[in-house]
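Architecture at a glance
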Amino acid sequence: MSSSTRIARQSLAQVFWVPALLMGSSLGGLVLGLTGDGWHDHAAVILLALPLALSTHHWRRSASTPRNDDKKDRS
Amino acid sequence: MTRKTIKSWLFIHKWSSLVSTLFLLMLCATGLPLIFHDEIEAASQNHGSQQNGPPSASQGLPLDDIVARAVRLGGGVPLFVGFSQDDAIITVTTGPKPSSPESDMRLFSFNRATGESVGEIKEEGVMHVLLELHTDMFLGLPGMLFLGVMGVLFVLAILSGLVLYAPFMRRLPFGTVRPSASKHVKSLDTHNLLGIVTLGWALVVGITGIINAFADPLTNAWRDGELARMVSAYQGKAPLDPARYASIDRAMAQAKAARPGLSPQFIGFPGGAWSSAHHYAIFFQGDTPVTSHVLTPALVDAETGTLTAMATMPALNQALMLSKPLHFGDYGGWALKLIWAAMTLATMWVLITGLQLWLRKNASDIDRRVDEILSGAKADMAA
């Protein structure tokens, strides 16, 4: 898969749209939690969990692909 | 981005992180248990039914009665009274004299509904050590300011890392952790992935940490500036003798009459860091979720019990108060605390992989590292 990971050169917008979304989600969650209890807190947790869930997803994807030189499982 | 630009950003990223990494790892390691300090303290102290009753901020025995009990136990004079919005626990801080330093203070807690003593709260134990390490490394104000500077470096490292993320990811889809690559490339990919997903949280916790590091100077500036102006009529008067303190309950009633509906959070007694030499400073919290973090002090003449002034605190001090929950993560229940813990662990992993990348051989070969970034770190680049 290593050779297929590389793609055509992306624009800055293509590089940053997911990070920008995650940053907005985190900041939105942090502020929303401050503005109230109940559903505010639940929404805050979901928004803040999104970046964590996404990174776990990418980790698992890489861990499930065979490797040639790394025997340690760090996931 | 030219090679030269990348080189400059790499230089900033490398040195801002290298200087601060060990301190940041210490802050993460001590901060992790501190997220759960309420739960840990509740489990270890186990007040049981001793805290049952209406919130001490709204009702219970007269404050004069509770304060007299604390002074009987601790001697000296009262310095602070702290209220709870959730249970009947009320705390009273005493010290030998009105301007006693923190090291001479004693803290007693009571049930305001029954007047029963819940015991003296001693600043000792593991949690206290962790908090001191996290706040100032037992070095007082210089330690706090030093950690504040480490926070500034942390923010600089995050921002320079963000700049370098662009050329590196030009040819890689988001979230790439190349599985068949060497350990080094895996560290790099992990560093980038975890760094970018924790970006928002880490920036907020970093910036609010910096603001918190300047808490003492900010409070002093408020006391010597805004507060001094509010009580300017008292300038030149000798500090009030504690023997002449008027009823605290009367003072509270006066303040509450001026702004009904607000709930008191704590009272600073005359001569302390949070008041003038002649006033009870009663700090009210707002009645909405956001304003509950922002305090409004009412200054009541401690001799006559009449209200002198009441005003919200300056914007900088309000920012300081709002930055506390955003740094501690203690405002959204259990689930938010777990997120805080996960984000802290992820940040530690970013720091560790960053160290690994620096420690590898030929790390000083800056041209090679620029190549690595410019080429989107070619998939099969050797370690």
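Heads up: the structure comes first, above all this text.
Note that this is a predicted model, so its numbers are computed, not measured. All residue numbers here refer to positions counted from 1 along the written sequence of the relevant chain. Chains and ligands are labelled sequentially in the order written, the chains with letters from A and the ligands with numbers from 1. A pLDDT threshold of at least 70 governs which residues receive local features in this predicted model, and a stricter bar of 80 or more applies before side-chain atom pairs are shown or counted, although totals over entire chains, interfaces and linings include all residues. The side-chain numbers reported here are obtained from all heavy atoms of the structure, hydrogens and water having been left aside.

1. Some details on the overall build of chain B
For clarity, the threshold we go by: Here a strand is any run of E in DSSP of at least two residues, a helix any run of H or I of at least four, and the numbering for each starts at the N terminus. Summary of the burial criterion: residues with accessible area below 20% of their type's maximum are buried, those above 50% are exposed, and those between are partly exposed, where the area comes from a 1.4 Å probe applied to protein chains only. Residue contacts are counted whenever heavy atoms from the two residues lie within 4.5 Å of one another. When charges are counted, Lys and Arg contribute as positive and Asp and Glu as negative, whereas His and the chain ends are disregarded. Think of each charge as sitting on NZ of Lys, CZ of Arg, CG of Asp or CD of Glu.
From N to C terminus, chain B includes 12 helices and eight strands. Per-residue burial over chain B gives 50% buried out of 383 residues. Contacts spanning at least 24 positions in sequence make up 65% of the contacts within chain B whose residues lie at least 6 apart. Mean positive and mean negative side-chain charge positions of chain B (29 and 30 charges, respectively) differ by 12 Å.

2. A few points about the overall build of chain A
For clarity, the cut-off: The protein chains shown are the only cover counted for residues, whose accessible areas, like all others here, come from Shrake-Rupley with a 1.4 Å probe.
The secondary structure content of chain A amounts to two helices and zero strands. Each of the 75 residues in chain A was classed as buried or not, and the buried ones make up 37%. Working note: accessible area of chain A is about 4,500 Å², and carbon and sulfur atoms make up 64% of it.

3. Comments concerning helix α3 (residues 63–74) of chain B
All names here are of chain B. Let me state the cut-off plainly: Here the expected span of a helix is defined as 1.5 Å times the quantity of residues minus one. It is the directions from the helix axis to the C-beta atoms that the arc portrays.
Compared with the 16 Å implied by 1.5 Å per residue over 12 residues, the 16 Å span of α3 between its first and last C-alpha is a close match. Regarding α3, the residues found buried are L63, I66, V67 and A70. Relative to the axis of α3, the buried residues are bounded by an arc of 95° and lie together on one face. Once α3 finishes, G75 follows within two positions and takes phi at roughly 70°, a positive value.

4. Quick word on the environment of B:S247
Residue and element names in this part refer to chain B. Definition in use: Definition of a polar contact: a pair of N or O atoms within 3.5 Å, with one able to donate and the other able to accept a hydrogen when the atoms are protein atoms, and with sequence-neighbouring residues admitted only if both atoms are side-chain atoms.
Turning to its location among the elements, S247 is positioned in the loop between α8 (215–230) and α9 (248–258). A C-alpha to C-alpha distance of 8.4 Å links S247 and L63, two positions 184 residues apart in sequence. Engagement of the side chain of S247 in a polar contact is seen with the side chain of D64, the distance being 2.6 Å. Separated by 3.1 Å, the side chain of S247 and the backbone nitrogen of R250 make a polar contact.

5. Comments concerning the packing of helix α5 (residues 140–169) of chain B against helix α12 (residues 366–374) of chain B
Residues and elements named next belong to chain B. The condition that has to hold: Fitted lines through C-alpha atoms give the axes, limited to the stretch in contact for helices. The angle between two N-to-C directions lies from 0 to 180 degrees. Throughout this description, any angle smaller than 35 degrees is read as roughly parallel, any larger than 145 degrees as roughly antiparallel, any in the 65 to 115 degree range as roughly perpendicular, and the remainder as oblique. For this classification, the nonpolar set comprises Ala, Val, Leu, Ile, Met, Phe, Trp, Tyr, Cys and Pro, the charged set comprises Asp, Glu, Lys and Arg, and every other residue, Gly included, is treated as polar.
Where α5 contacts α12, the two axes come as close as 6 Å, and the packing angle between them is 65°. Here α5 lies roughly perpendicular to α12, going by the angle between them. Seen from α5, the contacting residues are L164, P167 and F168; seen from α12, they are E372, I373 and L374. Residues that form the contact of α5 with α12 fall into these classes: five nonpolar, no polar and one charged.

6. A word on the pattern of salt bridges
Residues and elements named next belong to chain B. Keep this limit in mind: Think of a salt bridge as a Lys or Arg side-chain nitrogen and an Asp or Glu carboxyl oxygen that are within 4 Å of each other.
Inspection of the entire model under this criterion finds eight salt bridges over all chains. Put simply, K337 and D38 hold a salt bridge, and the shortest N to O gap is 4.0 Å. One end of the pair, K337, is in helix α11 (residues 333–359); the other, D38, is in helix α2 (residues 37–45), and 299 residues separate them in sequence. Looking at K337, the relative accessible area reads 4%, which means it is buried.

7. Notes on the side chain of B:T347
All names here are of chain B. Topologically, T347 is positioned in helix α11. Its relative accessible area of 7% is what places T347 among the buried residues. With residues near it in sequence (within four places) discarded, T347 still touches C28, F154, T198 and W201.

8. A short note on the environment of B:H13
All names here are of chain B. Within the secondary structure layout, H13 lies in helix α1 (residues 3–35). Separated by 333 residues in sequence, H13 and A346 have C-alpha atoms that sit 18 Å apart. Once you skip the residues sitting within four places of it in the chain, H13 turns out to touch A157, S160, G161, L164 and H191. Side-chain polar atoms of H13 contact the side chain of S160, separated by 3.1 Å.

9. Details of the interface of chain A and chain B
Put simply, the rule reads: As a working definition, buried area equals the accessible area (1.4 Å probe) given up by two parts on being put together, with both sides summed.
In this assembly, 44 residues from chain A lie in contact with 49 residues from chain B. For the pair chain A and chain B, the two sides together bury roughly 4,200 Å², of which 68% comes from carbon and sulfur. Taken together, the connections running from chain A to chain B amount to zero salt bridges. On inspection of chain A and its partner chain B, the count reaches five residue pairs in polar contact (both at pLDDT 80 or more). Counting only elements with at least two residues in the side of chain A that touches chain B, the list comes to α1 (12–34) and α2 (39–63) of chain A. Here the residues of the side of chain A that touches chain B are counted per class, giving 21 nonpolar, 13 polar and 10 charged.

10. Some thoughts on the nonpolar core
Short version of the rule: To qualify as a nonpolar core, a set must consist of buried Ala, Val, Leu, Ile, Met, Phe, Trp, Tyr and Cys residues joined through side-chain atoms within 4.5 Å.
Counting 33 residues, the largest nonpolar core has A:L30, B:W201, B:Y331 and B:W340 as its most contacted members. Excluding residues within four positions of it along the chain, B:Y331 makes contact with A:L30, A:G33, A:L34, A:D37, A:D41, B:H293, B:P325, B:L326, B:L336 and B:W340. Counting residues in each nonpolar core, the second largest holds 26 residues, with B:I66, B:I248, B:A251 and B:Y280 among its members.

11. Topic: unusual backbone geometry
All names here are of chain B. A positive phi angle is found at M137, which is not glycine, with a value near 55°. When its relative accessible area of 19% is taken as the criterion, M137 is described as buried. Non-glycine residue F138 carries a positive phi angle of around 65°. By secondary structure assignment, the location of F138 is in the loop between α4 (126–135) and α5.

12. Observations regarding the pairing of strand β3 (residues 106–111) of chain B
Note on strand geometry: in a regular strand, side chains alternate between the two faces of the sheet. All names here are of chain B. Note the cut-off: Whether two strands pair depends on DSSP finding at least two bridges between them.
Both strand β2 (residues 89–95) and β3 contribute to a ladder of six bridges, which runs antiparallel. Among the inter-strand pairings, V92 is bridged to a residue of β3, identified as F108. Here four bridges tie β3 to strand β4 (residues 117–121), and the two strands are oriented antiparallel to one another. Note on β4: the bridge partner recorded for F108 is E120. Taken together, β3 and the strand that follows it, β4, pair antiparallel across an intervening segment of five residues, in which G115 is found at a positive phi of about 85°.

These figures capture arrangement, not role.
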